[in-house]
Structures are given as structure tokens and as C-alpha cells.
Amino acid sequence: MSEAVAKEIVVEGVDPRELYGSQNIYLDQIKSLNPQLKIVARGSSLKVLGSTAETARFAKRFDGLVAYYLKYGHLSSQVVEQCFSGVAVDTQEPIDKDVLVYGNNGNIIRARTPNQQRLVKLYDKNDLLFAVGPAGSGKTYTAIALAVRALKERQVRRIILTRPAVEAGEKLGFLPGDMKEKLDPYLQPLYDALNDMIPPAKLTKFIEEGTVQIAPLAYMRGRTLDNAFVILDEAQNTTLSQIKMFLTRMGRNARFIVTGDVTQIDLPKKSDSGLVRAMSILREVSGIGMVEFDRRDIVRHELVKQIVAAFDRASDPSTSPNHNE
């Protein structure tokens, strides 16, 4: 019997948490697939104890797992099993045209509904898109997935996500804390979407470097946004002058998507919302695409569709029980 040796493998270029999976699901799988070895993970260091031949074989297969992740940006239990059973996995994956980006923990993010797919198709032909519709229909999520894909494919150099904070006037002074603490609650949905698609350590680095920027709409004034994918979320809470200000920030090699829900206007006067008026003004302009989502696109809990439908009926005078024909 050969003498046991210890081999240390240092994980480089990848956040170990992405390789080990949520709650170490992939690490536990790796251990179960290599019962002849003792494997201990501490941060970016992986210590393997076993025979010389077995530890060398493990190191080679683990390198293959890392290479796969670096190439495709995701892992799955099937990939882990193939890597450690000696099956070559570094081949071109089957093409799925609906896949927008491979998210964290092997999560596949794709255009799931007809209008999400329509948004993706229009993106290929237009530099400016409007996507309007009810909560939960995937407008912003699909837009952010397109932005992450564009960044990964180096079509743009940065992603900029913005939304009006609190209201069109963006009066934040009454909130406690510094400016970041005032803004973060209103920008959290954008962080949540990015956290699904970009590994945490990489996202933190992108934000520190300015590759990913998340800021209130007021911060867009005076800027020229070149080589950027820019998303204006919650656009129903902008005035016409604000949305014009935003749209005229478009620079060279820029892609803009405007999302909003005209049934959730938070302005003191709903008629002040500039989203519907801007879409009407720009509808015939070449190079601008528009997608109107509806409750059939809602991909949240099944009850959300019923809730939206009930509110739609309640707001329609013709369906009121007191309506006189």
C-alpha cells in the first residue's frame, strides 16, 4: 500500500464559494465522489490527503472543474460528477437561444415568456428599448440579464442601473444615514438581480472599479454615457423632463432600456408621469423598440397573477357592480 501524501491546491481566479456551491453542495459532492481521499477546504486552499497517484489524479480533475467554471461561468451537479468520473466536459455546450446568462450556483437565466423573448429579439435591432408592464413580469430582470451578457461578451465596458429614489423629486433628506444608506433601500431590487447573475466577490470588485454603477436618476444629469448598458427602472415615477434628461445621456456604443409599470405611479399627481407620454412621443422613431408586458408574463407566485387581475378589474369602471350600462 502506497504511503499517504498531502497535497495543497490553491484556488486561483475563482471565488471558492462559487466552486463549492451554496452550503458547500458541490464540495460535499466532490468528497463523496472521492472517498479514498481526505479533503479539507479552508478558504482558497484545498488540502487533499491520499496516495500519490490518487492526489495527482484529483488535482488534474479539479483543474478541469475550475477551467469549466472559468469558461462557462456556472457549475451543476452533473458537471461535477462528470469531472470527477474522468469524463471530458470542456466541450461546447448545446446552444439554447433562450439562455441569456449563466447565473450563480448553476442557475440558468433565460427569456421565459413571449414578451421577455420579444424584448430579447428587439434588443438585437434597437439601441433603445421601453419595457412596460405589471410587477413580476420580468421586465427589469430580463433587462439586467441582457446587460450582464453584454458585459461578459465585452459589447460594453460598464453597466449603469438607475431609478428615481422615493419620488420624482428624489427628496431623500428626511431619511437617516449617509447618502448611500438613504439610497440603498430603493436600489436593492437592482442589487438582488445582479447578485443572481454575478459571483459576489466579482460583483463587489465591479462596483468598486465602477464597471457596475447603481445610482439614483438625479446623478445622471450632465453625464455622457459611452460604451455602457444603461437601465432606467421604475420610470413611471419620472416626469417628462426627467426622462428626456435621461435619454439624452446616450453616448457612443450605448444601449438603453427603460422599464416601468404605469399602474404603480407614486408621484403626487399621476398625470405628471412622463413614461407614457415619452413612449407616445417616441413611438415612430427608428431604432427604438417597445414591449408591453401583461399579467400572462408574471413569473412570481401564481397568486400574483390573480392579484394583478383583481386590481385591474377594480380599476375598470365597466366591471364595477354599481356601473350602469
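Each remark here, short or long, concerns the structure printed above.
Below you will find a few notes about this structure. (Residues numbered from 1 in each chain as written. Predicted model: local features only at pLDDT ≥ 70, side-chain atom pairs only at ≥ 80, totals over all residues. Heavy atoms only, no water.)

## Some words on the layout of surface pockets
Regions of empty space are outlined by a rolling probe, equal in size to a water molecule, passed over the atoms. Empty space within the second largest pocket amounts to approximately 670 Å³. Taken together, the elements giving at least two residues each to the lining of the second largest pocket come down to strand 5 (108–110), helix 6 (139–152) and helix 7 (179–197). (1 Å grid on protein atoms, 1.4 Å probe; cavity = no way out; pocket = protein on both sides within 12 Å on 5 of 7 lines; lining within 4 Å. Points joined across faces, edges and corners; volume = space filled by probe spheres on them. Helix = DSSP H or I, 4+ residues; strand = E, 2+ residues; numbered from the N terminus.)

## Observations regarding the packing of helix 5 (residues 114–123) against helix 6
Relative to each other, helix 5 and helix 6 sit at 40 degrees, their axes nearing to 10 Å. Seen from above, helix 5 lies across helix 6 with right-handed handedness. For the pair formed by helix 5 and helix 6, the contact residues are Gln116, Leu119, Val120 and Tyr123 on the first element and Lys139, Thr142, Ala143, Leu146, Arg149 and Ala150 on the second. Of the residues belonging to the contact of helix 5 with helix 6, the class tally is six nonpolar, two polar and two charged. (Axes fitted to C-alpha atoms, helices over the stretch in contact; angles between N-to-C directions. Left-handed = near helix turned anticlockwise from the far one by under 90°. Contact = heavy atoms within 4.5 Å. Nonpolar A, V, L, I, M, F, W, Y, C, P; charged D, E, K, R; others polar.)

## Quick look at the nonpolar core
Grouped together as the largest cluster of nonpolar side chains are 37 residues, with contacts concentrated most on Ile144, Leu194, Met197 and Phe229. By residue number, the principal contributor to this core is helix 6, which donates eight residues. Not counting residues up to four positions away in its chain, the partners in contact with Phe229 are Tyr123, Ala143, Leu146, Ala147, Ala150, Val156, Arg158, Ile159, Ile160, Arg255 and Ile257. (Core = buried A, V, L, I, M, F, W, Y, C linked by side-chain atoms within 4.5 Å. Buried < 20%, exposed > 50% of the residue type's maximum accessible area, 1.4 Å probe, protein only.)

## Here's the deal with the pattern of salt bridges
Per the stated rule, a full pass over the model turns up seven salt bridges. Put simply, Arg57 and Glu54 hold a salt bridge, and the shortest N to O gap is 3.0 Å. Within this pair, Arg57 and its partner Glu54 are both found in helix 3 (residues 52–72), separated by three residues, close to a single helical turn. A residue is classified by how much of its surface remains accessible, and Arg57, at 37% relative accessible area, is partly exposed. Taking the shortest distance from any N to any O, the salt bridge between Arg163 and Asp233 comes out at 3.8 Å. Here Arg163, found in strand 7 (residues 158–163), pairs with Asp233, found in the loop between strand 9 (228–232) and helix 9 (240–247); they are 70 residues apart in sequence, far enough to count as distant. Of the two residues, Arg163 and Asp233, both sit in the buried class. One salt-bridge network, held together by shared partners, links Arg163, Asp233 and Glu234. (Salt bridge = Lys/Arg side-chain N within 4 Å of Asp/Glu carboxyl O.)

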